[in-house]
Amino acid sequence: MEMFQVVLAVFWLIAGVVSFYFSIGNARVWTSIAVGFFLILLGEIIPGALPFLPGLSNPYVLAMGHIIGTLSILIMSHGFQEYYVFTRTLEFEGSKLHVYLAVIGVIGASLVFLMINPTPDKEVLRVIRIVENTNWVFLSLINIDLIRKIYLNIKDTPIGNGFVCFMAVFARIFLWKGSQLYIDVFSLEQIKDAYPIRYEISYWGKNLGNFFASISVGGTFLYLGKLLR
Amino acid sequence: MILLPRGNPVKENINPGKVNLADALGKMRQGKFTGYMRFDFPEGTGIFIYQEGRLISALYENDREHLIAYDAIARTFHEALTGAGNLNIYRLSTELAYSIHTLLHGEMLHKGQDLQLIDIKSLLVRMREEKRSGCLRIYSKEHIALIFYRDGNPLGFFHDGSTDIETTANSSLSVAKEPGAKVDVLVTRGAGEKSLADLMETADVAGLWGNAVAERRRQREEREGAASKTLEMRESDRREKTLTLFQQVAQVHLGKIGTSLVDKEFEKLKLNGSQIDESVLNGFYDNLSKGAKLVAGPSKIDKMLEEMKRGFKGLS
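Note that this is a predicted model, so its numbers are computed, not measured. (Residues numbered from 1 in each chain as written. Chains lettered and ligands numbered in written order. Predicted model: local features only at pLDDT ≥ 70, side-chain atom pairs only at ≥ 80, totals over all residues. Heavy atoms only, no water.)

(A) Spotlight on the packing of helix α6 (residues 160–185) of chain A against helix α7 (residues 196–227) of chain A. All names here are of chain A. Running from N to C, α6 and α7 point in directions that differ by 155 degrees, and their axes come no closer than 7 Å. By the criterion of interaxial angle, the relationship of α6 to α7 is roughly antiparallel. Here α6 and α7 pass one another in a crossing that is left-handed. (Axes fitted to C-alpha atoms, helices over the stretch in contact; angles between N-to-C directions. Helix = DSSP H or I, 4+ residues; strand = E, 2+ residues; numbered from the N terminus. Parallel < 35°, antiparallel > 145°, perpendicular 65-115°, else oblique. Left-handed = near helix turned anticlockwise from the far one by under 90°.)

Encoded structure:
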């Protein structure tokens, strides 16, 4: 299983680097979206996929991982909303620097919030993880619909097909995060012997969704890079 | 064409369009000028005759019209303001100025008779017998001479460069001997008043000049307005064609959203009838490029802009 986690980490590393590089080299509208995907690498994969890294037993590191994961989906959803507004109004504002600074500021504020409160125990971490996965699940569905609308507006542009890929990405993320949420909400980990099939489906749904999401995120940004050459 | 010999030239070849004629006429009056002003226009000829500062006669003539007094002054002013005229001023004696006046307002008995064909002797005999007052105008292509008669008796001669009626016929006869020389016979009715009314006393010359200037300005504004309208229409047509071209190119490269981006950025130019050119479009290309970056890469955008620039040059 550790091997699988390492493979996942490699794919998410590739996806994260590609998306971050993409955020630098392209129009401002892509910054929020690309930075959001890059944050998956920081917030989710490093503590999740590499449990053997030192300091990961620290509850603050784990809590920040979930918080950054939550910020990740919020930021990319905001990016897609901006893109949708652009396709409807052709208006766009802001700068890349503001996006980077805002993301760093929100992460810093979250860290301060954690530090000034009691040390998160297992139950607190579970709640934070549920909040994160809930955001991912419902915003993935909303984003699929939003991206569908964006696609309808720009399907005859060079970038059009890239949004079909994003729909596929969010379908996989929905599978990944939905399965994780299901396991957490019903504490299936503790009662897996009573519900072995549900647990197995959820477990493999989470892992395969995670794996294919990592591949499709990296692939989508590489494809977008090709379309935007 | 009014044929008159040139007197003693005071000013020649002045463009009357560059002179305030109301002022000029006033100066003639103040200077007690005697002589005539001759205005030659493409449309006709105007003659103003002065006798000791009094404007005793004004005549404007062309193939269709024969205007006198105020009408002649107004028309001369009007034509002068077109700028396509020529003004010559000649000094004459008082007697000659009057004679020229009677000549210009006299009746044409014979016109353009070829001296080779006419029996000049019998013509002169008839003048004497009928006790005619008037003038024989003998002219060739280059020179003119006048022979004045009063009550059938020759009064004297006037030819180019004279300021007074002369008694020697040499110059006049030499004109008669030139090839193609012709003669007009003009007669006047009665002796007439030698002291004629001053048109400048009864006419509002400044007002006539003001009207002519105002009319000229109105015509110029009308012309400019029409020209501006034509230019505006041409520019509007060019703007429409440019917009259509850009929409088509953007549609090919960026799809429907490309057309919308072109519409939006074109609207932002706020041309409002002003001319569309490369410098104006540079800002348009920059803004369009920024918007297009959200849906296409630099190579596609550059290609699109290249096609737009090439197409616009084709329209120019």
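(B) Representation of a nonpolar patch on the surface within the structure. On the surface, Leu-111, Val-112, Phe-113, Met-115 and Ile-116 of chain A cluster together into a nonpolar patch covering about 540 Å² of accessible area. By the element assignment, Phe-113 of chain A lies in helix α4 (residues 96–115). (Patch = residues over 30% accessible without salt bridge, like charges linked within 9 Å, V, L, I, M, F, W, Y side chains within 5 Å. Areas by Shrake-Rupley, 256 points an atom, 1.4 Å probe, with all protein chains shown as cover. Salt bridge = Lys/Arg side-chain N within 4 Å of Asp/Glu carboxyl O.)

(C) Representation of the nonpolar core within the structure. By size, the foremost hydrophobic cluster in this structure holds 83 residues, and its most contacted members are Trp-30 and Phe-37 of chain A together with Met-308 of chain B. Residues in contact with Trp-30 of chain A, not counting those within four places in the same chain, are Phe-22, Tyr-83, Ile-159, Phe-163, Phe-166, Leu-224 and Leu-228 of chain A together with Leu-294 of chain B. Of all hydrophobic cores here, the second largest spans 28 residues; its members include Leu-55, Leu-199, Leu-208 and Trp-209 of chain B. (Core = buried A, V, L, I, M, F, W, Y, C linked by side-chain atoms within 4.5 Å. Buried < 20%, exposed > 50% of the residue type's maximum accessible area, 1.4 Å probe, protein only. Contact = heavy atoms within 4.5 Å.)

(D) Representation of helix α7 (residues 205–254) of chain B in the model. The terminal C-alpha atoms of α7 of chain B, which comprises 50 residues, lie 71 Å apart, in line with the 74 Å expected from a rise of 1.5 Å per residue. The first or second residue beyond α7 of chain B is Gly-255 of chain B, which carries a positive phi of 75 degrees. (Expected span 1.5 Å × (residues − 1).)

(E) How the structure looks around the sheet that holds strand β4 (residues 54–61) of chain B. Residue and element names in this part refer to chain B. The antiparallel open sheet is built from 6 strands, whose spatial order is β1-β6-β2-β3-β4-β5. The sheet is open, and its two edges are formed by β1 (8–14) and β5 (66–68), each paired on a single side. Neighbour to neighbour, the strand axes of the sheet diverge by 15 degrees on average, direction disregarded. Sheet analysis places strand β2 (residues 35–41) next to strand β3 (residues 44–51), joined by 7 bridges and oriented antiparallel. Each bridged residue has a counterpart across the sheet, and for Arg-38 the counterpart in β3 is Ile-47. Against the sheet, helix α1 (residues 21–30) engages β2, β3, β4 and β6 (86–91), with an angle of about 30 degrees to β3. (Pairing = 2+ DSSP bridges.)

In short, the description is geometric, and any link to function would need to be established separately.
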